[in-house]
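Tertiary structure, described
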Amino acid sequence: MSIDPLRIHLSLVSHTNIGKTTLARTLLSRDIGEVADRAHVTETTDDYVLARSPEGAELILWDTPGFGNSVALAKRLAGRSNPVGWFLSEVWDRMANKTQWLNQRALKHVKDVSSVVLYLVNATELPETAPYVRAEMHILEWIGKPVIVLLNQIGQPRPHAAEVGEVERWAKAMKEYPIVSGVLSMDAFARCWVQEFMLFDEIAKALPTDLDAAFESVRQSWSRQRRSAYASSIEALKNYLNKLAGEREVAPTPKMIDQIKFLGKRLGLTKNENIHDPAEAAQTALSARATDDFCALTDRLIVVNGLKGKGIRKEILQRMQSDWQVTNPVDPRHAAVAGAIGTGAAGGLATDLASGGLTLGLGTLIGTVVGALGGAGLAIAYNHQKGASGTTVTWSEAALKNFFIEAVLLYLAIAHFGRGRGNWVESEYPPFWRPTIEEVLEPMKLEAKDLSARFDEVVRAVLLKLYPEAKF
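It should be emphasised that the depicted structure is a prediction, and the values quoted were computed from it without experimental measurement. (Residues numbered from 1 in each chain as written. Predicted model: local features only at pLDDT ≥ 70, side-chain atom pairs only at ≥ 80, totals over all residues. Heavy atoms only, no water.)

Looking only at helices and strands, one finds 17 helices and ten strands in the protein. When each of the 472 residues of the protein is scored for burial, the buried share is 53%. Taking the contacts inside the protein whose residues are at least 6 apart along the sequence as the reference set, 69% of them involve residues at least 24 apart. Accessible surface for the protein amounts to roughly 21400 Å². Of this, 54% is attributable to carbon and sulfur atoms. (Helix = DSSP H or I, 4+ residues; strand = E, 2+ residues; numbered from the N terminus. Buried < 20%, exposed > 50% of the residue type's maximum accessible area, 1.4 Å probe, protein only. Contact = heavy atoms within 4.5 Å. Areas by Shrake-Rupley, 256 points an atom, 1.4 Å probe, with all protein chains shown as cover.)

Right, let's get into helix 6 (residues 160-174). The end-to-end C-alpha separation of helix 6 is 21 Å, in line with the 21 Å expected for 15 residues at 1.5 Å each. All buried positions along helix 6 are accounted for by Glu163, Glu166, Val167, Trp170, Ala173 and Met174. Seen along its axis, helix 6 keeps its buried residues to an arc of 125°; they face one direction. Facing away from the buried surface of helix 6 by more than 90 degrees, the exposed residues are Ala161, Glu168 and Lys172. Residues of helix 6 that are buried make contact with strand 4 (116-122), helix 5 (131-143), strand 5 (147-152), strand 6 (180-185) and helix 7 (193-206). (Expected span 1.5 Å × (residues − 1). Arc of directions from axis to C-beta.)

What follows is about the pairing of strand 2 (residues 46-52). The pairing of strand 2 with strand 3 (residues 58-63) spans six bridges and is antiparallel. Each residue of the ladder has a partner; that of Tyr48, found in strand 3, is Leu61. In textbook terms, the turn of a hairpin is the stretch between consecutive antiparallel strands, and for strand 2 and strand 3 this stretch comprises five residues, one of which, Gly56, has a positive phi near 100°. (Pairing = 2+ DSSP bridges.)

Before going further, it helps to spend a moment on the sheet that holds strand 5. Read from one edge of the open sheet, six strands run 2-3-1-4-5-6, paired in mixed fashion. Each having just a single partner strand, strand 2 and strand 6 make up the two edges of the open sheet. Strand-to-strand twist in this sheet, taken as the mean axis angle between neighbours without regard to direction, amounts to 25°. Helix 7 rests against strand 1 (7-14), strand 2, strand 3, strand 4, strand 5 and strand 6 of the sheet, and its axis sits at about 180° to strand 6. (Axes fitted to C-alpha atoms, helices over the stretch in contact; angles between N-to-C directions.)

Burial runs high along strand 4: seven of the seven residues are buried. What you see with strand 4 is no split at all: Val116, Leu118, Leu120 and Asn122 on one side and Val117, Tyr119 and Val121 on the other are buried throughout. As defined by bridge partners, strand 1 adjoins strand 4 across five bridges and the pair is classed as parallel. Along strand 4, the bridge assignment pairs Ser11 with Val117. The pairing of strand 4 with strand 5 spans six bridges and is classified as parallel. Residue Tyr119 lies in a different strand from strand 5, and its bridge partner there is Val149. A crossover connection joins strand 4 to the parallel strand 5 through helix 5; in handedness this β-α-β unit is right-handed. (Right-handed = clockwise from strand over helix to strand, strands pointing away.)

Let's shift gears to the packing of aromatic side chains. Counted according to the given criterion, the structure contains twelve aromatic pairs. Both rings, one in Tyr230 and one in Tyr411, keep their centres 6.2 Å apart while their planes meet at 70°; by these two values the pair is edge-to-face. Taken together, the positions of Tyr230 in helix 8 (residues 212-246) and Tyr411 in helix 14 (residues 397-415) put the pair 181 residues apart, joining distant regions of the chain. Of the residues examined, Tyr411 reaches a relative accessible area of 0% and is grouped as buried. On the basis of an interplanar angle of 20° and a centroid distance of 4.3 Å, the ring pair of Phe404 and Phe455 is categorised as stacked. Taken as a pair, Phe404 in helix 14 and Phe455 in helix 17 (residues 455-466) lie far apart in primary sequence, 51 residues in all. By the burial criterion, Phe404 is buried, and Phe455 matches it. Cluster of aromatic residues (ring-pair linked, three or more members): Trp193, Phe197, Phe200, Phe215, Trp222, Tyr230, Tyr411 and Phe472. Here the basic side chain of Lys111 rests over the ring of Trp142, its NZ or CZ set 4.8 Å away from the ring centre. (Phe/Tyr/Trp six-rings, centres within 6.5 Å; stacked < 30°, edge-to-face > 60°. Lys NZ or Arg CZ within 6 Å of the ring centre and 35° of its normal.)

A few words on the pattern of salt bridges. What the rule picks out here adds up to 26 salt bridges. The partner of Glu58 in a salt bridge is Arg7, with the nearest N and O atoms 3.1 Å apart. Linking Glu58 in strand 3 with Arg7 in strand 1, this pair joins segments that are 51 residues apart in sequence. Between Arg169 and Glu166 there is a salt bridge; the shortest N-O distance is 2.8 Å. Of this pair, Arg169 and Glu166 are both found in helix 6, three residues apart, which corresponds to roughly one turn of the helix. Taking relative accessible area as the criterion, Glu166 reaches 14% and is therefore assigned buried. (Salt bridge = Lys/Arg side-chain N within 4 Å of Asp/Glu carboxyl O.)

What follows is the structure in structure tokens.
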């Protein structure tokens, strides 16, 4: 078969129902084929352009039918060199075992056109005990092309050391097969885009030298697309935090009698639930807008990272409203000395009463309401400052730092969400992500006014801690 030197072919192969099409969707950033929880979903060998350079070079990804009975298939392929084996493969199987015949046709195509084979395996199985792996390695030896083993079905992202251990276990098991040029973690559901740079590095090492120039041109084109999506994500994060930093809400100055009622209500001295608290209303309005902003950020990150779905405002707002809490109450008599009382709007109002006595001088009020905003659990905090027409409610420096961390967490979650998984669904973050972000931030000693300009620096540092081998 005549091979076009400007077309580099990657064939994605695996045992049936391991997740080839799911991974293909993630790598291609678009929906292709059919995904279902059953064997032999993919029945044809289909090609898709993974990357194309301005010079016309193309990187083609082939999605192939999954291996069924790998042991029988390996025997059939090994026997094709003799007349009886050829008859069984091309005539008998075509009539008596259509699935095996289709597998053989697909593998012959892989043998004829592939530059590199991407062999996807279930990482939850032990490589030395999985019954089909040895037979499939014999099939790959028959194909005779460089093989990169990709570990799928790893589950939720884990600390770097744990993932390295998984890769090393499989690399050790693959040492007896010279055709294997590399082993990588590449979960179709939870890979991060920076891991794809590692995949491209492995492909570059596996390719014959006469394809180096064509591959380098398509790699540069692909890299620009990935970096452009990253830059758009960073811009969205900056805009989000800058908007929050500029948010404010003015609460009218309450009358003296109303301030006394508010204080009594918040200290549990009265059960009157109908008292209207302007500061509380201002906080609620500010929080509602923050909910909208968080949803808008989610939607923007979903789009620029090639996913589908939307942030759900109703669920975020409902959780926010149900998670308000006031903690660490302080006796009002101590507030004049301490300069604060507990947390929440009550803190500021009680400080007024304690510092100003019955004159109720406003002064500078400081209060913090701690709650959870949406599934991410945003810490909410407020500054209360005297204004011409009342109390101005804004986000405190501590709150903006928490918003910064939560925005980075959201980005990490979206950056790890494989398109083959379907529409974006928010879920719990891996527990080690937040400490990793805090570890990066700690030596920087950033003030709130510096945060939005440092998103790129912080996100890059976090990604390099999670994937130190990645060059992106």
